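Below, each chain spelled out in residue letters.
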Amino acid sequence: MLKRKLLAPASPDNSENSSKIIGQAQGQSQIQNYSGSGASSSQTKTSTSIPKFFSGIKKSSEAHTEEDRETNKCLKIETCNNQWTHYRRENLNLDYTRLYDGKKAFELITRCETEIVYNSGHLAQVRIFGKWIDIPRKQVAFGDAGLTYTFSGNTVPAKPWTPLLLEMRNDISKACGYDFNFVLVNRYQDGNEYMGEHKDDEKDLCPNHPIASLSLGQQRDFVFKHQDCRGKNAKRKIDKLTIQLENGSLLMMNAPTNSYWYHCLPKRPKILEMRLNFTFRKMIPSQCKTVKNFVDEKT
């Protein structure tokens, strides 16, 4: 496993290097600690410039509840050069940064909308309480030959890497210092498309290896809930954590987060714009199920 690196301060969107990754990897920097009533995630994030394609986007903070805002005020946040934001709670370990500026993010979105073909039929369904239902978003996977990902009763095979996805993977590896052999792509048409509460703790995932989540397009809320505080028979009272995933942002979900915390992308009906998400993972080939009669579609 490679050593974690940190990004340098972001360059402005209108700079000569606006199409580049924000910053380059550099050595360990001084970390500042602070907490208090004003310590919310929005105070430590790099500002985001929305490209013209998303000129009609409404920030997801408009759909926030007062409960969400009060919850985030309780966070103790560490920042490094105002670039990485670190979220630490009981068995929760997250790192957040803005990987791409607005111009580069728009370029990637345009290419993705042209090049990526999503799954259909049985591969676009999951099994919930014994019943097969359509996934409330578009989905497809790419990765090394022979890899699959099994979740919610379905096994999704990886299509071959494309130059575009290899470019993204390499950019993420340079930023965080980890390698990945698989990516799950989710496309959300608007705020009515969502992802339910779940943990990424399947046996075909490499244990203790982080999952890198890249977001492009509409900013959306991403909610974490501890497993002991879910449902009517909750064992404990633990505040949930809501993070606004910006256009071009990268969220590292480090161990042991997925062993203890559920996460979801809730519905936000007021949001009208599209979002793309790429979760880069490290799969264990020997644990991946084989999909029979899988015919790859043009990507």
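Residues numbered from 1 in each chain as written. Predicted model: local features only at pLDDT ≥ 70, side-chain atom pairs only at ≥ 80, totals over all residues. Heavy atoms only, no water.

A.B. asks: Please provide a residue-by-residue account of the sheet that holds strand E14 (residues 195-198), values included.
C.D. replies: Here we have four strands laid out as an open sheet, ordered E14-E19-E16-E17, and antiparallel in their pairing. Strands with a single pairing partner mark the edges of an open sheet, and in this sheet they are E14 and strand E17 (241-245). The mean inter-strand angle of the sheet, taken between neighbouring strand axes irrespective of direction, is 15°. (Pairing = 2+ DSSP bridges. Helix = DSSP H or I, 4+ residues; strand = E, 2+ residues; numbered from the N terminus. Axes fitted to C-alpha atoms, helices over the stretch in contact; angles between N-to-C directions.)

A.B. asks: Break down the pairing of strand E10 (residues 148-151) for me, citing the residues and quoting the values.
C.D. replies: The alternating pattern of E10 places Thr148 and Thr150 and Tyr149 and Phe151 on opposite faces, both of which are buried. Bridge count between E10 and strand E11 (residues 154-157): four bridges; the pairing is antiparallel. Pairing of phenylalanine 151 across the sheet is with asparagine 154, part of E11. Linkage of E10 to E11, two consecutive antiparallel strands, is achieved through a turn of two residues, within which serine 152 is found at a positive phi near 50°. (Buried < 20%, exposed > 50% of the residue type's maximum accessible area, 1.4 Å probe, protein only.)

A.B. asks: Run through the packing of aromatic side chains, naming residues and quoting values.
C.D. replies: A ring pair, where both rings are aromatic, is described by two values, the distance of the centres and the angle of the planes. Here the structure, examined in full by the defined rule, presents three aromatic pairs. Each ring, one from phenylalanine 180 and one from phenylalanine 280, has its centre 6.3 Å from the other, and the planes form 65°; the classification is edge-to-face. In this pair, phenylalanine 180 sits in the loop between helix H3 (163-176) and strand E13 (182-188) while phenylalanine 280 sits in strand E20 (residues 275-281), placing the two residues 100 residues apart along the sequence. There is no split in this pair, since phenylalanine 180 and phenylalanine 280 are both buried. (Phe/Tyr/Trp six-rings, centres within 6.5 Å; stacked < 30°, edge-to-face > 60°.)

A.B. asks: Give me the lowdown on the packing of helix H2 (residues 102-115) against H3, citing residues and values where you can.
C.D. replies: Angle between the axes and distance between the axes: these two values describe a pair of packed helices. The interhelical angle for the contact between H2 and H3, taken along N-to-C directions, is 145°, at an axis separation of 10 Å. The handedness of the crossing between H2 and H3 is left-handed. Contacts from Lys104, Leu108, Arg111, Cys112 and Glu115 in H2 reach Leu164, Glu167 and Met168 in H3. Taken together, the residues of the contact of H2 with H3 sort by class into four nonpolar, no polar and four charged. (Left-handed = near helix turned anticlockwise from the far one by under 90°. Contact = heavy atoms within 4.5 Å. Nonpolar A, V, L, I, M, F, W, Y, C, P; charged D, E, K, R; others polar.)

A.B. asks: Could you give an account of the confidence of the model for the protein, naming the residues involved and the relevant values?
C.D. replies: On average, the protein scores 77 in pLDDT, and the residues at 70 or more come to 70%. The low-confidence segment residues 1-82 (pLDDT under 50) makes 179 contacts with residues lying over four places distant or belonging to another chain. (pLDDT = per-residue confidence, 0-100.)

A.B. asks: Please provide a residue-by-residue account of a nonpolar patch on the surface, values included.
C.D. replies: Residues Ile128, Phe129 and Ile133 make up a contiguous nonpolar surface patch of about 340 Å² in total accessible area. Of note, isoleucine 128 is situated in strand E7 (residues 125-128). A relative accessible area of 34% places isoleucine 128 in the partly exposed class. (Patch = residues over 30% accessible without salt bridge, like charges linked within 9 Å, V, L, I, M, F, W, Y side chains within 5 Å. Areas by Shrake-Rupley, 256 points an atom, 1.4 Å probe, with all protein chains shown as cover. Salt bridge = Lys/Arg side-chain N within 4 Å of Asp/Glu carboxyl O.)

A.B. asks: Summarise the nonpolar core; cite the residues concerned and give the values.
C.D. replies: Membership of the largest hydrophobic core comes to 31 residues, with the highest contact counts inside it found for Met168, Ile172, Leu216, Phe278 and Phe280. Looking at this core, the elements that each hand over two or more residues are H2, strand E9 (138-143), H3, E13, strand E15 (211-217), strand E18 (249-254) and E20. A total of six residues in this core trace back to one element, the largest contributor, which is H3. Look past the residues within four positions of methionine 168 in its chain and what remains in contact with it is Tyr100, Leu108, Cys112, Leu214, Leu216, Phe278 and Phe280. (Core = buried A, V, L, I, M, F, W, Y, C linked by side-chain atoms within 4.5 Å.)

A.B. asks: Give me the lowdown on H2, citing residues and values where you can.
C.D. replies: Spanning 14 residues, H2 covers 20 Å between terminal C-alpha atoms, matching the ideal 20 Å at 1.5 Å per step. Every buried residue of H2 is listed here: Gly102, Lys104, Ala105, Leu108, Ile109 and Cys112. Around the axis of H2, the buried residues are gathered within 160° of arc, so they sit on the same side. Counted as exposed and oriented over 90 degrees from the buried face of H2: Lys103 and Thr114. (Expected span 1.5 Å × (residues − 1). Arc of directions from axis to C-beta.)

A.B. asks: Go over the side chain of arginine 98 with me, naming the residues and quoting the values.
C.D. replies: With respect to the element layout, arginine 98 can be found in strand E6 (residues 92-98). At a separation of 3.3 Å, a polar atom in the side chain of arginine 98 contacts the main-chain carbonyl oxygen of tyrosine 100. There is a polar contact of 3.4 Å between the side chain of arginine 98 and the backbone oxygen of asparagine 247. (Polar contact = N/O pair within 3.5 Å; in protein donor to acceptor, adjacent residues only side chain to side chain.)

A.B. asks: Go over the side chain of serine 173 with me, naming the residues and quoting the values.
C.D. replies: Of note, serine 173 is situated in helix H3. Taking the relative accessible area as the measure of exposure, serine 173 reaches 18% and is therefore buried. Of note is the side chain of serine 173, whose polar atom sits 2.7 Å from the backbone oxygen of tyrosine 178. Those residues in contact with serine 173 that sit more than four places away from it in its chain are Tyr178, Asp179 and Phe180.

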